[in-house]
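# Analysis of the macromolecular model
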Amino acid sequence: MIETVSYPELTAIGFMVEASPEDLPAAVSAAWERLFAADSGATSFAAVSLPEENGLRRELVGFLAAKATEIPPGMVRVDLAAGRYLRLIHDGPVSAIPDGFARLHAHAAANGMKVSGIALDFGHRPGLPDGRHELHLALSAQLPALG
């Protein structure tokens with residue numbers, strides 16, 4: 001079931017991956033390995049997909065943190081504004097996560113919702129086993145129409 005949820009400002013810390021669409025899977029996989037090997041103290045991991053820049057896909061592989069959290073060496077912090085998201089619970093193989101995001105995009109399009117280009121995937125664990133993930137697609141802030 002796809003639902004709409006609201007989140008306050010979120011802070012994520014991790015390794016930034018910038019790659020072409022064809023190189024992204026290998027680059028993200030390597031970033032997960034680096035993250036899980038790092039001594040971050042994190043226990044809850046997330047992937048934050050950001051809007052493309054200069055033809056490159058951008059993804060932060062990391063964890064949610066308090067804004068005041070110290071940034072470990074080699075990592076970066078990304079602050080996301082409060083906003084509304086479409087959410088889908090995915091129970092199954094990691095390889096099917098893109099299909100879940102495709103469902104979210106189709107739902108947004110079918111319902112006239114504009115998306116911002118930001119997506120969140122909560123539920124990664126060391127070794128990247130299959131299992132439960134929360135997939136989120138950020139909605140663009142839409143101003144009310146004046147009549």
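This report concerns the structure included in the present document. It should be emphasised that the depicted structure is a prediction, and the values quoted were computed from it without experimental measurement.

## Things to note about the overall build of the protein chain
Scanning the protein chain from terminus to terminus reveals two helices and eight strands. The secondary structure elements of the protein chain, listed N-terminal to C-terminal, are β-β-α-β-β-β-β-α-β-β. For 147 residues, the compact-globule estimate of 2.2 N^0.38 gives 15 Å, and the C-alpha radius of gyration of the protein chain, at 15 Å, lies within 12% of that figure. Here the C-alpha coordinates of the protein chain stretch approximately 55 × 35 × 30 Å along the principal axes. The 147 residues of the protein chain split such that 39% are buried. Nonlocal contacts in the protein chain, meaning residues at least 24 apart in sequence, comprise 72% of its contacts between residues at least 6 apart. Entry remark: accessible area of the protein chain is about 8200 Å², with carbon and sulfur atoms responsible for 54%.

## Digging into the nonpolar core
Judged by nonpolar contacts, the single largest core of 15 residues is most densely connected at V48, L80, Y85 and L120. Contributing elements (two or more residues each) for this core: strand 1 (3–7), strand 2 (10–19), strand 3 (45–53), strand 5 (76–80) and strand 7 (115–124). Among the nonpolar cores identified, the runner-up in size contains 14 residues, and I13, L24, A31 and W32 belong to it.

## Regarding the packing of aromatic side chains
To describe a pair of aromatic rings, one takes the distance between the centres and the angle between the planes. Scanning the model with the defined rule gives three aromatic pairs in all. Here the aromatic rings of F36 and F45 are separated by 5.0 Å at their centres, their planes lie at 90°, and the arrangement is edge-to-face. Ring pairing ties together the aromatic residues W32, F36 and F45, which thus form one cluster. We note R34 situated over the ring of F15; from NZ or CZ to the ring centre the distance is 3.8 Å.

## Some details on helix 1 (residues 24–37)
Taking 1.5 Å per residue, 14 residues should reach 20 Å; helix 1 reaches 20 Å between its end C-alpha atoms and fits that length. Those residues of helix 1 that sit buried are L24, V28, A31, W32 and L35. Taken end-on, helix 1 shows its buried residues confined to a sector of 105°, consistent with a single buried face. In this structure, helix 1 carries A26, E33 and A37 as exposed residues pointing more than 90 degrees from its buried face.

About the cut-offs
- Residues numbered from 1 in each chain as written.
- Predicted model: local features only at pLDDT ≥ 70, side-chain atom pairs only at ≥ 80, totals over all residues.
- Heavy atoms only, no water.
- Helix = DSSP H or I, 4+ residues; strand = E, 2+ residues; numbered from the N terminus.
- Rg over C-alpha atoms; globule rule 2.2 N^0.38 Å.
- Buried < 20%, exposed > 50% of the residue type's maximum accessible area, 1.4 Å probe, protein only.
- Contact = heavy atoms within 4.5 Å.
- Areas by Shrake-Rupley, 256 points an atom, 1.4 Å probe, with all protein chains shown as cover.
- Core = buried A, V, L, I, M, F, W, Y, C linked by side-chain atoms within 4.5 Å.
- Phe/Tyr/Trp six-rings, centres within 6.5 Å; stacked < 30°, edge-to-face > 60°.
- Lys NZ or Arg CZ within 6 Å of the ring centre and 35° of its normal.
- Expected span 1.5 Å × (residues − 1).
- Arc of directions from axis to C-beta.

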